[in-house]
Amino acid sequence: MGGDAQNVTIFGQSGGGGKVSTLLATPAAQGLFHKAIVQSGSMLRSMESKYSRRIGTAVVEELGLHPSRIDELQKIPYEQLLAAGEKAVARVKAEAEKEGNSTFIFGWGPTVDGDVLPAHPFDPKAPAQSKDIPLLIGTTLHEFTMSTYVPDFRNITRDNAVGFLKQRYGDRTEEFLQVFEKAYPGYQPKDLIDVDFVFRPGAVEQARLQVAQQGAPVYMYIFAWESPVMDGILRSTHCM
């Protein structure tokens with residue numbers, strides 16, 4: 001009651017952010033919303049049809065069905081179908097990784113089919129159909145915090161944290177530290193491994209691509225409040 005069909009905002013978090021990213025690139029959704037918010041879920045690339053087809057074929061194989069008996073899928077109990085699906089996704093994902101394919105999601109998700117979804121949502125560029133949609137994009141500071149799950153990291157020393165970083169950045173570790181210290185003055189050693197580098201880069205890239213269209217405004221935020229729950233081990237975590 002009382003809604004304005006000409007002023008609709010869609011808003012999604014985590015997987016929902018992936019859905020918003022996809023809708024921005026879905027022709028059938030054009031004109032149905034006028035603003036968008038992507039929270040901790042910027043999805044630049046979606047599934048490719050060749051992998052979706054492989055997964056479908058693998059599910060049928062896992063169930064021991066012949067293509068001529070495909071209608072029997074409707075009679076298979078949910079638990080059995082789910083188990084076959086999980087095995088199929090794992091198998092095809094391993095194949096895809098060997099082929100150098102890496103996406104934010106892999107499995108049952110939006111697929112570039114050239115029709116419903118003509119191209120990846122934000123790769124190599126932002127969708128032209130959403131050029132005039134104002135966009136708000138953000139993440140939490142820590143998302144999936146390493147020290148939450150590894151107690152030894154909660155009181156890690158700077159030297160040990162730097163040692164951990166060297167495994168990731170190698171010769172560029174010092175360069176990383178200089179940039180990090182400029183961005184986060186007064187940081188704690190555990191911040192070096194807790195500050196998010198999984199969701200944030202995708203969010204920044206999505207914003208950059210949208211801005212490049214020189215259309216509607218693009219806004220970004222970072223949510224940094226840390227929960228005191230469980231002695232603060234969650235920090236500013238995913239879903240906060």
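Refer to the preceding data block for the structure.
Quick notes on the rules
Residues numbered from 1 in each chain as written. Predicted model: local features only at pLDDT ≥ 70, side-chain atom pairs only at ≥ 80, totals over all residues. Heavy atoms only, no water. Helix = DSSP H or I, 4+ residues; strand = E, 2+ residues; numbered from the N terminus. Buried < 20%, exposed > 50% of the residue type's maximum accessible area, 1.4 Å probe, protein only. Contact = heavy atoms within 4.5 Å. Salt bridge = Lys/Arg side-chain N within 4 Å of Asp/Glu carboxyl O. Pairing = 2+ DSSP bridges. Axes fitted to C-alpha atoms, helices over the stretch in contact; angles between N-to-C directions.

Engineer: Would you mind going over the side chain of Thr 148 with me for this structure?
Structural biologist: As for its placement among the helices and strands, Thr 148 is situated in helix 4 (residues 146-149). Relative accessible area serves as the criterion here: at 11%, Thr 148 is assigned to the buried category. When neighbours within four sequence positions are excluded, Thr 148 is seen to be in contact with Arg 154, Ile 233 and Leu 234.

Engineer: I tried to follow the pattern of salt bridges on my own but got confused; where do I start?
Structural biologist: Pairs may arise between side chains of opposite charge once their charged atoms sit close together. The full count for this structure, using the stated rule, is 13 salt bridges. Residue Glu 61 pairs with Arg 91 through a salt bridge whose shortest N-O separation is 2.5 Å. Of this pair, Glu 61 sits in helix 2 (residues 49-62) while Arg 91 sits in helix 3 (residues 78-98), and the two are 30 residues apart along the sequence. For Glu 61, a relative accessible area of 47% gives the class partly exposed. Arg 91 gets classed as partly exposed once you look at its relative accessible area, which sits at 35%.

Engineer: What exactly am I supposed to notice about the sheet that holds strand 5 (residues 135-140) here?
Structural biologist: Strand pairs in the sheet, formed through backbone hydrogen bonds, run parallel or antiparallel to each other. Within the open sheet, the four strands sit side by side as 1-2-5-6. Their pairing is parallel. At either end of the open sheet lies a strand with only one pairing partner, and these are strand 1 (9-13) and strand 6 (218-223). Shown here is a sheet whose adjacent strand axes are inclined to one another by a mean of 10°, direction ignored. Relative to strand 2 (residues 35-39), strand 1 is paired through five bridges, and the arrangement is parallel. Bridge pairing in strand 2 links Ile 10 to Ala 36. Sitting on the sheet, helix 1 (residues 15-23) is in contact with strand 1 and strand 2, with an inclination near 140° to strand 1.

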